[in-house]
Structure formats: structure tokens, C-alpha cells
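Chain by chain, the residues:
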Amino acid sequence: MPLQIVQTKPNNYHFKTKDNQRVDIEHRNRQLVVTLHKWGEEASLEISLDMVLSDKHQFLENKIELENEAFKLRAYPIEARSTSDLYGDSEDMVQCHEGGVRFELVLKSKPSVNFFTIPIKAKNLRFSYQPFLTDEEIEAGHIRPLNVEGSYAVYHTTKKNNQYMTGKAFHICRPIAEDALGNKAWCKIEIDKKATCLTITIPQQFLDEATYPVTIDPDFGYTSTGGSTRAIGVSDAVYRAGSAWTMPASGETNYLRAYIGGPNVANCKAFINQKDSEGANSHGQIATKENLNCAAAAHWEEFTLTGASLIAESAYLLNIMAFYLGGIKETYAVYYDANGAVASYWESQASYASPESPWNVSPEATTLDYSIYVNYTKLAVKRGLFKGLFPRVIGKK
Amino acid sequence: MSEWRLLSLGATDPYVSQSLKEMFLQAFKRELIPNTLCFYVPKRHVWVGRRASVEKQVDLEYCRKEKIPIVRGLLGGTGAVIFDEDILDWTTLVLKEQPSIQDLRHCVAEGLRFMGLEAELKPRSNDVLVGDKKISGTAIGVFHGGFFIFGGDVIVDFNYDLCENALLSTKNHREWVTTLKAQLGREVSFSEVISALTQGFETTLNIKFDEESTSLTEAEKQILESLQEKYRSEEWTKRGRWSPVKDYWRPL
């Protein structure tokens, strides 16, 4: 069912994403202000654009629009889409799994500058830049769609696992500028270190040669999965990959989930290792589970890992490997985002039959946030413990 | 029993032959065509897989000198193959899981059995073998929206000399690649192979093909034309990356 905008007050609108997160769209102080909420009120991202001011707005065809002499600014819901459908990428990767919002700017004529700045207000969010892949990374089996290169993955600053899944809230894709004749060019986006503004730069040459109007389409997509992939299994090799995370509370595991896929099916093993528990860069295994014939299409694969104990303030490596059952020189992959939070690990010559335990591996030079998370039940604080002991102590006296 | 379209295009330009898969995908997504099995015979060129490094797989100097086009395909891994109007190629486009990947590969082996060959699927490989030698290669792409593209080739004859000159592979192709001509000990026509493979698909998938057509629809031709810029571009051939969106920011 398409995401539908609902009007609640004359200047207030909202819609719900597929995962039931609220997006507010407001005509406030002559500006269009969009607020993306995630995990209820836990995290949010507010965006606005003060260069497009107007006393009036329009609500037409599920879009909110402001217009002045030079610009039009629209906010409206977007659905999950593939990179092939969006801009003809051969990678055909799905994005904005839970929907999202497009904050679309229309330039009626050639602007005096080739950039515009969107003030942002972020609550509990971390912005991770996704660089362009190098030839070496492409050769090593990394895949990053063209609108993920130069984009930002947006994660919770401190939380993941359980209801936070990978901790990823949104992905801000690299926008496309399109002129009236259908000519298109990639724009550049940049978020400042303090995360107070997002600057979109349009190639000056494109603006010089364009037939106006020109439309720029920054998308803010809701997703929990990484925007890039890395091989974890090919027909003649097995790779092991995972990220570290410090547990905020003690608990017992229920399951681990990883976002994986490839051209054909694969057998996969998932692991939880305790970071440095056997010495520096030697990570003791506390749980493992194998799933056979994991599907080819990209999906969340769930590995049942019941009852393993996780200790508060200890760090764990959630990791995975694949025994690919498809053809020669194809790859089965795990999804990830670059510039991650803690540390990530990679083993290029892993054994599927006899995985190393403890896992002896050093952190990667570049930290990746692999799309792997654990669901666990927090251990209840046993309030009755002292009550039960105390009378006996007293009784002895 | 569902009815599929059967196409046989004969000898095709290298760039056209490698862009057919993407054309069928686009046409199928727009509901312009039914399930289709299309045969064609690519003219001389070097095909490189979707993830292949051209520099590591192909003798670029030799190809430049001999004017052999290098074309990157939509599917496949990191390998390369030489075509010289002696290999029958096909593309099938179907809805995902109808049938399964394994069923699709069995179609090929079954078709070759109709020609009297003991064809088998090689485990953990895309190859179909006859007597431990490769006689057919296959590739599968899974696409958003529930589509499979299943492509492949049957080696009717093989230009081993050209292969050794144009590719940098250290494999001894004379030892691990065989041909229908060698296995059957006679000349083999493409129409004979098409007939056998068609039977293999019909038997394995319990489908029926309509009458063989030799030309694409106008809509298909238009899509194919629009894809030529991509498949002929240096960016696609060298790096496997291309989109109609111009990129002014990519580091050189």
C-alpha cells in the first residue's frame, strides 16, 4: 500500500513508513520543515531549506509544495526501489526498504551559485560517509551502487541490536540533478562534522548547459541494511566477516540475523565471539549456528542462537561466513556500510569445515558496519536476592 | 502447461548479443514480453564477466591488433570467454522460483542428452560437462522484482588458438573444454542444437514453446538500441560501472 500523507492541521502533515515510523512535514516560518523519526522519539532528523520561503503551500497528489519566484520545493513519500529502476544501475540493489522521503528542489532558472545548504537537526544520530570504491576494492568483491558512493549512512550514535537491529536509521542517497530534457548528473553531498548542515553541490558545467527547470532529488530512505556488499563466499574460497559491539547490558541470546545474498544459494555459519577474551586479537567463540541453503535473493537470514550469555560492558564480534553453492567466480555477500563505529574484522582464508576457534584476527584498517545484529533477552535485576538473604543473616544473629 | 516464446536470432553483433539480457529484463519488467527463450550466435569477440578485471583476463594488445571487440556482460563472475561464431548462446528470462535455478541448469544437460551425449552438471559450478570436459557454461542473475535471467552457451566448435592468444588464462583449454563437433565426431548445425535444447527446456520445465520467431518486437528493438551506449562505453567495459547519469565527481 503506498505511503499516504495525512493532514492534521492547516500547516501540519505526516505519514508513516512501512516500519511504522513517523515523518512530519510542516509549513513553519514560511519554510518547509521535514522531520524523520526513528524508534519512536529515540532518534530524529529535521531538515529544512531557508532559501525557499513562501506564505502559502500546496498539498496536491500526495506532495507538499512551496513555491517562490526562483524555486519550487516539494516533500513527499518514496517507496522501496531498486537502483536499476531509479537510475539504470546494473547492480539492481534494493534501497529505502521501509520507504522514505524525497526533499525535491526545482530550479526554475540558472542559480547564482551551484550549491545549497540544508540546515539539519540530528538527535542521537551518527553520519557515516560512503566513499567511492577503489579499483582494488572492486576487484576484491566490494559492490557499492553509484548513488551510495558519496552518500551518507545514518546510524544511532550508541545503540544497536534488539529493536535497533543494526542501529541504522536512514540512508541519504547521492542526489541526481535532471534538466527539462532528461539530461542527468550526480550531485555531491556533504554533511559538516557537527552535523548541522547538509550541502548539495550541483556540477557547474551541468547547470551551465542545462535546459531549465532542473530538479534535484535528495532521498532520505528508511532502512536497516548496509548500502554496499562484500563477498563472504565464492566457489573456491570462504571469507569470514564481522563487526564488534560492546554490550550495554547482560543478557542471553535468542538469535543472530545477517543481511546476505548472492546469485545462488549458500550454506552459512554465524558466530558470536568475545573480543580479545583469549588474548589480544584472539576472540573466544561463545556461540555458532549453521543454516543450510540460505536464499539467493538479498534477505535477513536468522540463525537461532539460544541461551548464550552476553556480559555487560564486554565487546562481542558478530560474524558470518558462507560456503557458496553456485557457480565459479560468483560471490555470496554480506551487506555493510563504510566508516563504522567500533571495529570490524575480516579473514580472507577461512575454513568452512573447521572455523578457527578462538578466532585470531586483527581489526581491519577501515572499520565497516556489517549488517549483522543479535537479539537477546536482558537479564532481569534480581531484586529479591538480597531480600531473601537478609532475614537468614538476621536469624543467625 | 505454460507457453513460452521461442526466438532464434542467428549471428549477432557482439554488443547486441551482450545487451540482449538487459533488454529482456527491461521488457519483461514493463510487461512487454512473456517468458522467453532466445538463441543467438555471437560474432567474434571477447566476453568478460560482470566482475572480471579486463586487464587480468584479456590480452589487450592482441585484441587491439586483431580488432577483436571486448564486451562486458550483465552476468557472470570474474572470467572471460572467446566467441567466434562457433558457440550457441541463449538467454532465458523467467519469474523467480518458477522454475528453480537447478531446474534451469538441468534443461541444458537434458537437451544435450537428446543429442546422445552423457551430459552432467558439475557440482559447485555453472558448467555442464561431457566426460569431465566443459561443453556448456551457464550464468544466473537474480533481479529486484522477482526475475531470473538464465543465460549460457553450448560450445559447438571452438577456436582454441584464438582463445590462447586473446585470453591471459593459464588454464589449458584444450584439456578442459570440449565441443559438440568433437564429441559427436561430425559437423553439428546450430538449428540441431536449438531443437535439442528446446526439447530439454520443454521436458524439464513442463512448458511448451510457440512457433519459433526470428525477430525481436519493435519495443525490444528500441530498448536494445538505448542500451548500445552503455555496452559500447569504456566505463562499462573497463570497470563494469555505468549509468545514464553523468558523474563529474568520480575520482580519476
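Residues numbered from 1 in each chain as written. Chains lettered and ligands numbered in written order. Predicted model: local features only at pLDDT ≥ 70, side-chain atom pairs only at ≥ 80, totals over all residues. Heavy atoms only, no water.

Quick word on the overall build of chain A
Each helix and strand counted, chain A has four helices and 35 strands in total. Over its C-alpha trace chain A gives a radius of gyration of 24 Å, about what one expects of a compact globule, namely 21 Å for 397 residues. Taken over the C-alpha atoms alone, chain A extends approximately 80 × 65 × 40 Å along its principal axes. Across chain A, contacts joining residues at least 24 apart in sequence account for 71% of those joining residues at least 6 apart. Carbon and sulfur atoms form 50% of the exposed surface of chain A, whose accessible area is close to 16,600 Å². If you average the places of the 41 positive and of the 46 negative side-chain charges in chain A, the two averages end up 11 Å apart. (Helix = DSSP H or I, 4+ residues; strand = E, 2+ residues; numbered from the N terminus. Rg over C-alpha atoms; globule rule 2.2 N^0.38 Å. Contact = heavy atoms within 4.5 Å. Areas by Shrake-Rupley, 256 points an atom, 1.4 Å probe, with all protein chains shown as cover. Lys, Arg positive; Asp, Glu negative; His and termini not counted. Charge placed at Lys NZ, Arg CZ, Asp CG, Glu CD.)

Examining the packing of helix α1 (residues 14–29) of chain B against helix α9 (residues 218–231) of chain B
Residue and element names in this part refer to chain B. At a minimum axis separation of 8 Å, α1 and α9 run at an interaxial angle of 125°. Here α9 runs oblique to α1, going by the angle between their axes. Our pair here, α1 against α9, has a crossing hand that is right-handed. Across the interface between the two elements, Tyr15, Val16, Gln18, Ser19, Leu20, Glu22, Met23, Phe24, Gln26 and Ala27 of α1 pack against Glu220, Ile223, Leu224, Leu227, Gln228, Lys230 and Tyr231 of α9. By residue class, the composition of the contact of α1 with α9 is ten nonpolar, four polar and three charged. (Axes fitted to C-alpha atoms, helices over the stretch in contact; angles between N-to-C directions. Parallel < 35°, antiparallel > 145°, perpendicular 65-115°, else oblique. Left-handed = near helix turned anticlockwise from the far one by under 90°. Nonpolar A, V, L, I, M, F, W, Y, C, P; charged D, E, K, R; others polar.)

Digging into the confidence of the model for chain A
Per-residue confidence for chain A gives a mean pLDDT of 93; residues scoring 70 or more make up 95%. The model gives residues 384–397 of chain A a pLDDT under 50, and that stretch makes zero contacts with residues more than four places away or in other chains. (pLDDT = per-residue confidence, 0-100.)

Considerations on the pattern of salt bridges
Enumeration according to the criterion identifies 43 salt bridges over all chains in this entry. For B:Asp13, the salt bridge goes to B:Arg232, with nearest N and O atoms at 3.6 Å. Taken together, the residues B:Asp13 in the loop between β1 (2–12) and α1 and B:Arg232 in the loop between α9 and α10 (234–239) connect sequence positions 219 residues apart. A relative accessible area of 28% places B:Asp13 in the partly exposed class. Owing to a relative accessible area of 47%, B:Arg232 belongs among the partly exposed residues under this scheme. In this structure, B:Lys181 and B:Asp157 form a salt bridge, with 3.5 Å as the shortest nitrogen-oxygen distance. Residue B:Lys181 is located in helix α7 (residues 180–184), and its partner B:Asp157 is located in the loop between β10 (147–155) and α5 (160–166); the two are separated by 24 residues in the primary sequence. Counted as one network, the salt bridges with shared partners bring together A:Glu149, A:Arg174, B:Arg241, B:Asp247 and B:Arg250. (Salt bridge = Lys/Arg side-chain N within 4 Å of Asp/Glu carboxyl O. Buried < 20%, exposed > 50% of the residue type's maximum accessible area, 1.4 Å probe, protein only.)

Quick notes on unusual backbone geometry
All names here are of chain A. In this chain, Tyr212 is followed by Pro213 through a cis amide linkage whose omega measures 10°. Here Pro213 shows up in the loop between α3 (204–209) and β20 (214–216). The amide bond that connects Ser357 to the next residue, Pro358, takes the cis arrangement and shows omega of 0°. Of note in the backbone geometry, Asn162 takes a positive phi value of approximately 50° without being a glycine. With respect to the element layout, Asn162 can be found in the loop between β14 (151–156) and β15 (168–172). On the accessibility criterion, Asn162 (17% relative accessible area) is buried. Even without being glycine, Glu313 reaches a positive phi, approximately 70°.

Section: the interface of chain A and chain B
Interfaces are often sized by the amount of accessible area the parts lose when they come together. Facing the 49 residues of chain A at the interface are 37 residues of chain B. Overall, the association of chain A and chain B removes approximately 3,400 Å² of surface from exposure, summing both partners, and the carbon and sulfur fraction of that is 48%. The interface formed by chain A and chain B holds seven salt bridges in total. Measuring nitrogen to oxygen at the nearest pair gives 2.6 Å for the salt bridge that ties A:Glu149 to B:Arg250. Joining chain A to chain B, the criterion identifies ten residue pairs in polar contact (both at pLDDT 80 or more). Taken together, the elements giving at least two residues each to the side of chain A that touches chain B come down to β9 (81–82), α1 (83–87), α2 (135–139), β17 (184–186), α3 and β30 (315–324) of chain A. Residues of the side of chain A that touches chain B, tallied by class, amount to 23 nonpolar, eleven polar and 15 charged. (Buried area = accessible area lost by both parts, 1.4 Å probe. Polar contact = N/O pair within 3.5 Å; in protein donor to acceptor, adjacent residues only side chain to side chain.)

Examining the environment of B:Tyr62
Inspection of the secondary structure assignment puts B:Tyr62 in helix α3 (residues 60–66). Placed 38 residues apart in sequence, B:Tyr62 and B:Phe24 show a C-alpha to C-alpha distance of 32 Å.

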